[in-house]
Amino acid sequence: MSDHMQAGTIEIAGNNADEIEAYLAEPVGRGKVGGVLVIHHMPGYDRETKEICRTFAVRGYAALCPNLFHRYAPGAKWQDQSAAAREAGGVPDEQALGDFEGAIAHLRSLADHNGKIGVIGYCSGGRQTYMTACNLDIDAAVDCYGGGVVIDSPDQITPQRPVAPIDMTAKMSCPLLGLFGALDRSPSPAHVAKMEEVLREHGKDFEFHSYPEAGHGFFSVDYPMYHRDSARDGWKQIWDFYGRHLA
Amino acid sequence: MCTYIAETDDVKATAYAHGEWMDVHRTVVSMDHPYKVPVEHALCIDFRTGDPSRRVAVELHPDDARRLAYSILSALQR
């Protein structure tokens, strides 16, 4: 199998047709391939997120990650964009969904797209993945330790995040893979158990894996919470899951 | 844990970095993933100037942040 790919920053039309930055990594010379929307973690649109996109491309998927913080400080460094987004109170769910819709449309427009779309998100992106699976037309979703899908108190409902994703579960329209760390506090094992209960109640197609030695962010190679063995098995689960649903 | 914990306050202040003083108009205090300090969650203070690229950011171990808070209050009470 060839591992050729090409990658770089592009502009896409996001929510309200806003031009936003995005990172696209595409396989080269491998015929029709599935598309993967990559949703970056709370720290922002960083080096390791781009590496994740390239990893998908090497494995034969076109991966696109929109920079959800771009419009808060266009042209600034990614850390400064993240800080500006935080100052603004965070990314509203509605705006994020608009950006994801734009990114998915871009993936569908690629010449070598096979018609299938997967979504994967890390940390806050995991929550946004769950939301995407419940609101947009996609074929498979991977939630990597998304906190805030299940909320503990009403004060977690804000103008930016007006509905807890768990309350959108009835609308989920694709299979869901969940990858969690048992030492995480958000989502905690109790949150994950609640998600399983609600998904089962609604008869949804899902599979969850919780790694006993991992906390939050175990895929994050540039951060102290990276946990090699959990991440390696997690990647294995992702390849298996997308192999079944995005071929 | 990905938190959405952030407290924002308007302030009249100045901060010094890279050889110059800057006017600070807002602070954002958050408890979240740090970029540099090697802990899973840090108390982060962002001193905002109105220009996203000109800011002063501090990440503290939670224990150090608590001590700093006590020190500030102690100094203010004297």
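That block above? That's the structure.
1. Structural notes on the overall build of chain B
So, point 1. Looking only at helices and strands, one finds one helix and four strands in chain B.
So, point 2. Along chain B, helices and strands appear, N-terminal first, in the series β-β-β-β-α.
So, point 3. Along the longest, intermediate and shortest principal axes, the C-alpha atoms of chain B span 35 × 35 × 25 Å.
So, point 4. Put simply, chain B has 78 residues, and 32% of those count as buried.
So, point 5. Long-range contacts, defined here as pairs at least 24 residues apart, represent 25% of the contacts in chain B between residues at least 6 apart.
So, point 6. A total accessible area of about 5100 Å² is found for chain B, and carbon and sulfur atoms account for 56% of it.

2. Some thoughts on the packing of aromatic side chains
Residue and element names in this part refer to chain A.
So, point 1. Under the criterion given, the structure shown has 19 aromatic pairs over all chains.
So, point 2. Each ring, one from Phe56 and one from Tyr61, has its centre 6.4 Å from the other, and the planes form 80 degrees; the classification is edge-to-face. Comparing Phe56 with Tyr61 shows no difference in burial state: the two are buried.
So, point 3. Site record: aromatic cluster; members linked through ring pairs are Phe56, Tyr61, Tyr122, Tyr145, Tyr211, Phe218, Phe219, Trp235, Trp239, Phe241 and Tyr242.

3. Some thoughts on the interface of chain A and chain B
So, point 1. Counting residues at the interface gives 26 residues for chain A and 24 residues for chain B.
So, point 2. Counting the surface chain A buries against chain B, the share from its top three residues, Asp80, Arg86 and Glu87 of chain A, is 30%.
So, point 3. Glu87 of chain A is the partner of Arg48 of chain B in a salt bridge, and the nearest nitrogen-oxygen pair spans 2.8 Å.
So, point 4. Applying the counting criterion to the chain A and chain B interface returns six residue pairs in polar contact (both at pLDDT 80 or more).
So, point 5. Secondary structure elements with two or more residues in the side of chain A that touches chain B: α2 (78-87) and α4 (124-135) of chain A.
So, point 6. For the side of chain A that touches chain B, the leading source of residues is α2 of chain A, giving eight residues.

4. What about the pairing of strand β4 (residues 61-66) of chain A?
Residues and elements named next belong to chain A.
So, point 1. With six of six residues buried, β4 lies mostly within the body of the structure.
So, point 2. Residues of β4 alternate between two faces, with Tyr61, Ala63 and Cys65 on one and Ala62, Leu64 and Pro66 on the opposite face, all of them buried.
So, point 3. Direction of pairing for strand β2 (residues 19-27) relative to β4: antiparallel, over a ladder of four bridges. Note that in β4 the partner of Ala22 across the bridge is Pro66.
So, point 4. Note that strand β3 (residues 33-39) and β4 share four bridges and pair parallel. Across the sheet, the residue bridging to Gly34 is Tyr61, located in β4.
So, point 5. As for the winding sense of the linkage, the β-α-β connection from β3 through helix α1 (residues 47-58) to β4 is right-handed.

The rules behind these values
Residues numbered from 1 in each chain as written. Chains lettered and ligands numbered in written order. Predicted model: local features only at pLDDT ≥ 70, side-chain atom pairs only at ≥ 80, totals over all residues. Heavy atoms only, no water. Helix = DSSP H or I, 4+ residues; strand = E, 2+ residues; numbered from the N terminus. Buried < 20%, exposed > 50% of the residue type's maximum accessible area, 1.4 Å probe, protein only. Contact = heavy atoms within 4.5 Å. Areas by Shrake-Rupley, 256 points an atom, 1.4 Å probe, with all protein chains shown as cover. Phe/Tyr/Trp six-rings, centres within 6.5 Å; stacked < 30°, edge-to-face > 60°. Buried area = accessible area lost by both parts, 1.4 Å probe. Salt bridge = Lys/Arg side-chain N within 4 Å of Asp/Glu carboxyl O. Polar contact = N/O pair within 3.5 Å; in protein donor to acceptor, adjacent residues only side chain to side chain. Pairing = 2+ DSSP bridges. Right-handed = clockwise from strand over helix to strand, strands pointing away.

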